[in-house]
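Listed here are the chains, written in short residue letters.
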Amino acid sequence: MLRDEILFGSHWKSRYKKTFGVAAGVLLWLCVAPLACGSGALGEKNNVIQKDGEFDVTYNDTVTSGNQTIYAFNHTVSRTKTEGVRVSVDLLSPNLKSPILFVVRQKQAVLSFQVPLILRGLYQRKYPYNHLGRTLCQPPTRAASEIQYFFVDVSTLSNQGTNYQLRVSRVESFTLQTETKFSFTSSPSQPQYFKYVFPEGVDTVIVKVTSEMTFPCSVMSIQDIQCPVYDLDNNVAFIGMYQTMTKKGAITVQRKDFPSNSFYVVLVVKTEDEACGGPLRFYPLRPDELIDAGNRSKTLDIVVSLAIKSDVYVMGMLLCLGIFLSFYLATLLVACLEKKRAKKRELFQNIDDTSPAETASLLGKNGDGKITVSPNEYGSLDSTISSEAVTESAPSLDSAASADHYMERSGWKNVGRSRQESLSSIEEDDYDTLDDINSDKNIVRTKKYLCVSDLSRKDKRVLSKKYQIYFWNIATIAVFYALPVVQLVITYQTVVNVTGNQDICYYNFMCAHPLGALSAFNNILSNLGYVMLGLLFLLIVLKRDIVHNRALACNEVGALECGIPKHFGLFYAMGTALMMEGLLSACYHVCPNYTNFQFDTSFMYMIAGLCMLKLYQKRHPDINASAYTAYACLAAVIFFSVLGVVFGRGNTVFWIVFSVIHILATLLLSTQLYYMGRWRLDSGVVRRMVYVVYTDCIRHCTGPTYIDRMVLLVMGNLVNWTLAAYGLIERPNDFASYLLAIAICNLLLYFAFYIIMKLRSGERIQCLALVCILFTAVVWGFALYFFFQGLSTWQKTPAESREHNRDCILLSFFDDHDIWHFLSSIAMFGSFLVLLTMDDDLDTVQRDKIYVF
């Protein structure tokens, strides 16, 4: 029955008393009585119009300050099925001074809104919306089935009649289904939300929302099943997890975070696009001016997918461990082969030292022309060696004999200095063979053609201690750097978990697998390779160090006078830096963003700098930079990295200053390398430069004295000047990566120059080093391919960054960036092995025959 109009009185209360009880009557009285009293105070007659509402029927009515309309609806609610209810309102009267107030009263919730709805943007911009659509909150019911009533009250303070349309409809697809796509349209005044219930046996799901439209900017939120639901731009961030999005968004949801085993997925379109990187609208001319927002409807697709199960986590961890443990096994295999070859070399040396009669008694030829070695003389060695093998080994035996002759001639067998002397009693400043002959220092280092023996004259114990400082310094730096980093990223993760703001961290949300409090465990696990391979490199260096120290203790000529001088301090520092890179990269990926990107790059600068220092140290051990100078320069680089990240974005003054410093530093370093440190930066440097230009370029017009060095330095200056010009012109937003590119380009240039000059000098690269070079080059190529996939970028807004997100590609657990972690750690390890083994061919060559370049 429909009654058009009655006075507010006992008839309204008695009619619904049996249905709702005393509590409903009191609630109704409290809601409506103030309006009646207010009207009475004004001396006006306050009428209440009550109507029985029906679903999917459009009501065209008028409301004034003298009357109030109440629509009564009812629907059946089931415990096993949730049915959504949506209220849509259109304002038909333009230029209203007083809005219409709509109040929806439910059993356990109250929803109120005004029309026109005023939403605020930045700088207090005001956007009016005359068409509204709101979904009613559906609290869970304990009964198997019950009828629930709700009322829609319409009122206004405007004296003139205001026309409106009201429509209440059911939302058929209110509950989302797993792996089923659903499309809908949303706008700032018509937000949408849907319910999802976890199926049995499912603990984690990924809610993915996509759109073909970049703008308008929207917000995706995950909220618990409770009333009210925060579904407007100005309150959607109050509870739950949320993130802004343009074309793509994804949130991983775990059952443990929702006691009701269900949640709401809320989609809200923002009033402005600034949060998603869009342009800002013009400023209003007057503070209270209303701005037409235009059409901000957006079509969205939503799908809820099942996340990976626990066995995939186990497979991912086993794969990660298996990949890097295989390098340990390969290293052990190579070590065994090297040991076997060393035993054979020792065997040939023992045979060469015996007399012909003893050799005849020890060796006998069998019928097939092979020499059988007696196992009684050489332990468990039971093998046959062809006579051709003995013939081929003759040159090495002759070399060993000549080495013994050289050792006797040079007196090294009579060296009586104990190698066990404490290194702490010797300081480089106190005992320097070159400090006592300063004139010879200038003569030796300015020769046109230098040999390693010219630049390895300092006491080996002094240099060993000098280069060990690299390791101890970087270990100290690592401890002091890592502790606050770990503390900070734990705080970041806690803030994300507590606030639910998914815009703080730049994950690949399409492939972010949580574990415990960590949001992206796979990105952290993939950094294990840096730590494991860094530790393996330290073990390899330790073995070589022990073997070398034993050779020094025995006063072997190969260790004292042959090959590149072996100082392992820088190698220890490189291995430690690789391990720290893994740790800090893992910390960065706990919550990646632009404020902590330096965690991921600081030790990359260290590694690049240490590799260049090691290349230079190989043939310049006496004049290489000290640890204090090197780390001070690297600290300056990191300092500029922080300044560039904070102030460099679009700052012309910063880029001019940095480019000038970059060019000046390149020129100073070039001068230092060209003159082998035999120059002074003082007040007379300009006069000396003019004199050199006059004598060498004008008066005699001669070429450079050190042609090879000049070629390297000219190429280096061209590369660095080009990079400086690129930075000044383009001013890239990612300053940290730009700085890292400068370091890597210089390292690659120096490494290529070293290899070319090594081959040009008649030296060769042994098989193991050649394999390492080829393997490392291939792995670096694949690693860079995955690096440039760009799954996220903090140079843009979080919403724009998510446009680059992609699904996992390996075991449904690892994404492209994880593959970059795997391959880059292997490539860095291979690069370190190249530096360690590339000069092994010189171990039997006297240092006065090894050229410096």
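About the criteria used
Residues numbered from 1 in each chain as written. Predicted model: local features only at pLDDT ≥ 70, side-chain atom pairs only at ≥ 80, totals over all residues. Heavy atoms only, no water. Disulfide = S-S within 2.5 Å. Helix = DSSP H or I, 4+ residues; strand = E, 2+ residues; numbered from the N terminus. Buried < 20%, exposed > 50% of the residue type's maximum accessible area, 1.4 Å probe, protein only. Pairing = 2+ DSSP bridges. 1 Å grid on protein atoms, 1.4 Å probe; cavity = no way out; pocket = protein on both sides within 12 Å on 5 of 7 lines; lining within 4 Å. Points joined across faces, edges and corners; volume = space filled by probe spheres on them. Nonpolar A, V, L, I, M, F, W, Y, C, P; charged D, E, K, R; others polar. Expected span 1.5 Å × (residues − 1). Polar contact = N/O pair within 3.5 Å; in protein donor to acceptor, adjacent residues only side chain to side chain. Core = buried A, V, L, I, M, F, W, Y, C linked by side-chain atoms within 4.5 Å. Contact = heavy atoms within 4.5 Å. pLDDT = per-residue confidence, 0-100. Axes fitted to C-alpha atoms, helices over the stretch in contact; angles between N-to-C directions. Parallel < 35°, antiparallel > 145°, perpendicular 65-115°, else oblique. Left-handed = near helix turned anticlockwise from the far one by under 90°.

Trainee: Explain the state of the cysteines here, please?
Mentor: Should the sulfur atoms of two cysteines be covalently bonded, the bond is a disulfide. Per the stated rule, a full pass over the model turns up four disulfides. Here C137 connects covalently by a disulfide to C227, the sulfurs 1.8 Å from one another. Residues C137 and C227 share a disulfide whose torsion about the S-S bond is about -90°; that sign makes it left-handed. Here the residue C137 occupies a position in the loop between strand 9 (131-135) and strand 10 (145-156), and C227 occupies one in the loop between strand 15 (218-224) and strand 16 (241-245), the gap between them amounting to 90 residues. Covalently, C511 is tied to C808 through a disulfide, its sulfur atoms 1.8 Å apart. Taking the torsion about the S-S bond as the criterion, the C511 to C808 disulfide, at about 110°, is right-handed. Placement of C511 in the loop between helix 7 (460-499) and helix 8 (521-525) and of C808 in the loop between helix 19 (798-802) and helix 20 (816-837) is noted, with a sequence separation of 297 residues between them. For C511, a relative accessible area of 0% puts it in the buried group. With its disulfide-bonded cysteines labelled consecutively along the sequence, the protein chain is connected as 1-3, 2-4, 5-7, 6-8.

Trainee: Got a minute to help me understand the pairing of strand 11 (residues 162-171) in this structure?
Mentor: Residues in a regular strand point their side chains to alternate faces of the sheet. With six bridges joining them, strand 2 (residues 58-63) and strand 11 adopt antiparallel strand pairing. Its bridge partner being in strand 11, T62 is matched across the sheet by N163. The pairing of strand 4 (residues 84-91) with strand 11 spans eight bridges and is classified as antiparallel. Bridge pairing in strand 11 links D90 to Q165.

Trainee: Just checking my understanding: could you explain empty space enclosed by the protein for this structure?
Mentor: Counted under the stated rule, the structure contains eight cavities of 30 Å³ or more. There is about 140 Å³ of room inside the largest cavity. Lining the largest cavity are 13 residues, with I564, K566, F571, K618 and L836 positioned closest to its centre. Among the residues making up the lining of the largest cavity, the classes are represented as five nonpolar, one polar and seven charged.

Trainee: Looking at this structure, how should I read helix 7?
Mentor: Note that an α-helix has 3.6 residues per turn; residues three or four places apart therefore point the same way. Compared with an ideal rise of 1.5 Å per residue, which puts 40 residues at 58 Å, helix 7 spans 59 Å between its outermost C-alpha atoms and is within 8% of the ideal. Looking at where helix 7 begins, the residue whose side-chain oxygen comes 2.8 Å from the main-chain nitrogen of R461 is D459. Directly beyond the C-terminal end of helix 7, a positive phi value near 75° is found at G500.

Trainee: Help me out: how do you make sense of the nonpolar core in this one?
Mentor: Most often, soluble globular proteins have nonpolar side chains that are buried together. Core analysis: the largest hydrophobic core is formed by 110 residues, its most contacted members being Y470, L610 and Y631. With near-sequence residues (within four places) excluded, L610 lies in contact with Y470, I474, L570, A573, M574, A577 and Y631.

Trainee: Help me understand the confidence of the model for the protein chain, please; the structure alone is not making it clear to me.
Mentor: Do not read the fine detail of predicted coordinates wherever pLDDT is low. Predicted confidence across the protein chain gives a mean pLDDT of 81, with 79% of residues reaching 70 or more. Low pLDDT (under 50) marks residues 1-43, which in the prediction has 43 contacts with non-local residues, meaning those over four places away or in another chain. When the criterion is pLDDT under 50, residues 362-439 qualifies, and its contacts beyond four places in sequence or with other chains add up to 86 contacts.

Trainee: Help me understand helix 17 (residues 735-760) in this model?
Mentor: Taking 1.5 Å of rise per residue, 26 residues should cover 38 Å, and helix 17 covers 37 Å from first to last C-alpha, within 8% of that figure. G762 occupies a position one or two residues after helix 17 and carries a positive phi of about 85°.

Trainee: Would you take a moment to explain the sheet that holds strand 19 (residues 298-306) for this structure?
Mentor: Pairing between the strands of a sheet comes from backbone hydrogen bonds, and it takes one of two forms, parallel or antiparallel. Pairing within the open sheet is antiparallel, and its four strands lie in the order 12-19-14-17. For this open sheet the edge positions go to strand 12 (182-186) and strand 17 (248-254), each flanked by a neighbour on one side alone. Averaged over all pairs of adjacent strands, the angle between their axes in this sheet comes to 25°, without regard to strand direction. By the bridge criterion, six bridges tie strand 14 (residues 204-210) to strand 19 in an arrangement that is antiparallel. Following the sheet pairing, I206 is matched in strand 19 by S305.

Trainee: Help me out: how do you make sense of the packing of helix 9 (residues 528-553) against helix 11 (residues 569-590) in this one?
Mentor: The relative placement of two packed helices is expressed as an angle between their axes plus a distance between the axes. Following both chains from N to C, one finds helix 9 and helix 11 inclined at 170°, their axes separated by 7 Å at the closest point. Considered as vectors, helix 9 and helix 11 are oriented roughly antiparallel to each other. The handedness of the crossing between helix 9 and helix 11 comes out as left-handed. In this structure, helix 9 contributes Y530, V531, L533, G534, L535, F537, L538, V541, L542 and D545 to the contact, and helix 11 contributes F571, Y572, G575, T576, L578, M579, E581, G582 and L583. Each residue belonging to the contact of helix 9 with helix 11 can be placed in one class, and the counts come to 13 nonpolar, four polar and two charged.

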